[in-house]
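Structure assessment
If you want the building blocks of each chain, they are given just below.
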Amino acid sequence: MVSEQAPLVAQGLRDLQGLRFTVVGAAGFVGARLCATLQARGAQVWAPARREPWPWLVPLGHVIYCAGLTADYLARPFDTVEAHVSHLAQVLGYGLEQGALESLVYLSSTRLYDGQGEGLANEAAVLPLDPASPRHLYDFSKGLGESLCHVAGQGRARVARLACVYEGPLDADGFLPALLRQVLAARSAGVARVEVSSSPHFARDYVHLDDVVEALIRIAVSGRQPVYNVASGVNVSNASLFEYLARRWGCEVLPLLQTVPGPVPLVDIERLRTELHWRPRSLFDVLDDVLAACQGDRTC
């Protein structure tokens, strides 16, 4: 069913005056941009610090729960469960009990589909999880956070499963920004070739940070479904990325590995596109803009 606020959503929710948001994990990559965007659109934004004294005696409004660990979850398993489940339970339970919460959006990940193999991964898919796999510590913790939203959220909690979020070469983490920095450094040095410790056969779904922030705001204010995939809906192989960088950025990328991974699913974004009129940009369109901005700029 299309939301009653569809016309408003189609305009992008540019004016958020009178709305209150609480951003948990506001110091992170997504949370920081989300706070800045909400404030720029006139919303009231509260960003509690990581060790903010409890209880939070303020109206929470629309909570967007961005707290979590990604790359270092295996090195910090207890912190991972605390961020993905325990603190979420505290915020959700208290907010509902006190009547201080209008909605909650919990950031999860499309990684949960990885074991599905080929095919279309939509929000109703049964997730393949293996408790004996160390990698699945992350998946189980996110899955439990999702389950808590479904079971205890009283219809006010929704889940956003994010693909690989990027902005550009200045991002702190990730294969793509590291590769872009390497290529830009080579261009500045007059070198037309770089080597990377990766395989051309790997593929990822990349979604731009600004598109993610727009999706989260729409889900918080107007979302009606329990789960939304926030992705581009396209898997970009390293081979395609390397070919693009050679053609458009003038730098050949030589992979040092030839690993052939198992098949990966294609993330279905039809629910977000149809219900909330969300349209993500393609990776290569964004990278064209990055290249244009970096022409002749050695600090890019």
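Our subject is the structure that appears above.
Residues numbered from 1 in each chain as written. Predicted model: local features only at pLDDT ≥ 70, side-chain atom pairs only at ≥ 80, totals over all residues. Heavy atoms only, no water.

A look at the overall build of the protein
Put simply, the test is: Under the DSSP-based scheme used, a helix requires at least four consecutive residues in state H or I and a strand at least two consecutive residues in state E, with every element numbered from the N terminus. Computation of the radius of gyration draws on C-alpha atoms alone. For the globule rule, the value is 2.2 Å times the number of residues to the power 0.38. Exposure is judged per residue with a 1.4 Å probe applied to protein chains only, and the accessible area is read against the type maximum: over 50% gives exposed, under 20% gives buried, and values in between give partly exposed.
Of the regular secondary structure elements, the protein holds 9 helices and 14 strands. In summary, the protein has a C-alpha radius of gyration of 20 Å against a globular reference of 19 Å for 300 residues, a match within 12%. Seen through its C-alpha atoms, the protein measures out along the principal axes to roughly 60 × 45 × 40 Å. When burial is assessed residue by residue, the protein has 47% of its 300 residues classed as buried.

Considerations on the environment of Pro200
Let me state the cut-off plainly: When checking whether two residues touch, look at their non-hydrogen atoms; a contact exists if any pair is within 4.5 Å.
For Pro200, the position within the fold is in the loop between strand 8 (193-196) and strand 9 (203-204). For Pro200 and Gln225, which are 25 residues apart along the polypeptide, the C-alpha to C-alpha distance reads 36 Å. The residues contacting Pro200, other than those within four sequence positions of it, are Ser237, Asn238, Ala239, Phe242, Pro255, Leu257 and Gln258.

Quick notes on the environment of Leu148
Structurally, Leu148 can be placed in helix 4 (residues 136-152). Residue classification places Leu148 among the partly exposed residues on the basis of a relative accessible area of 24%. For Leu148 and Gly93, which are 55 residues apart along the polypeptide, the C-alpha to C-alpha distance reads 9.8 Å. Setting aside residues no more than four positions away along its own chain, Leu148 makes contact with Val85, Leu88, Ala89, Leu92 and Gly153.

Considerations on the sheet that holds strand 3 (residues 61-65)
Here is the rule we go by: Think of it this way: DSSP has to see at least two bridges between two strands before they count as a pair. Fitting a line to C-alpha atoms yields each axis, with helices limited to the stretch in contact; the angle taken between N-to-C directions then spans 0 to 180 degrees.
Judged by pairing direction, the sheet is parallel, and its 6 strands sit side by side in the order 2-1-3-4-6-11 without closing on themselves. Sheet topology places strand 2 (44-46) and strand 11 (227-230) at the edges, where each strand pairs with a single neighbour. Each adjacent strand pair in this sheet contributes to an overall mean axis angle of 20°, direction not counted. The pairing of strand 1 (residues 20-24) with strand 3 spans 4 bridges and is classified as parallel. Among the inter-strand pairings, Val23 is bridged to a residue of strand 3, identified as Ile64. Packed on one face of the sheet, helix 2 (residues 29-40) meets strand 1, strand 2, strand 3, strand 4 (101-109) and strand 6 (157-162) and runs near 165° to strand 1. Helix 3 (residues 77-97) rests against strand 1, strand 3, strand 4 and strand 6 of the sheet, and its axis sits at about 170° to strand 4.

Examining the pairing of strand 6
With 6 of 6 residues buried, strand 6 is to be regarded as a mostly interior element. Residues Ala157, Val159 and Arg161 of strand 6 are buried on one face, and the alternating residues Arg158, Ala160 and Leu162, pointing to the opposite face, are buried as well. Here strand 4 runs beside strand 6; their pairing, made up of 6 bridges, is parallel. Bridge assignment links Leu107 to a residue of strand 6, and that residue is Ala160. Pairing of strand 6 with strand 11, which is carried by 4 bridges, proceeds in the parallel orientation. Within the sheet, the bridge partner assigned to Ala160 lies in strand 11 and is Tyr228.

A few points about unusual backbone geometry
Residue Pro55 is bonded to the preceding Trp54 through a cis peptide linkage, with omega at 5°. With respect to the secondary-structure elements, Pro55 resides in the loop between strand 2 and strand 3. We note that Gln154 has phi near 55°; this positive angle belongs to a residue other than glycine. Topologically, Gln154 is positioned in the loop between helix 4 and strand 6. A positive phi angle is found at His277, which is not glycine, with a value near 55°. Inspection of the secondary structure puts His277 in the loop between helix 8 (270-276) and helix 9 (283-294).

Let's talk about the pattern of salt bridges
Using the following cut-off: In what follows, salt bridge is the name for a side-chain nitrogen of Lys or Arg lying within 4 Å of a carboxyl oxygen of Asp or Glu.
Applying the stated criterion across every chain yields a total of 14 salt bridges. A salt bridge links Glu214 to Arg41; the shortest N-O distance between them is 2.6 Å. Highlighted residues: Glu214 in helix 6 (residues 209-222) and Arg41 in the loop between helix 2 and strand 2, separated in sequence by 173 residues. In this pair, the class of Glu214 matches that of Arg41, namely buried. Across the salt bridge formed by Asp79 and Arg76, the nearest N and O atoms sit 3.0 Å from each other. Judged by relative accessible area, Asp79 falls into the partly exposed class, the value being 32%.

Any functional reading would require information beyond the geometric quantities listed.
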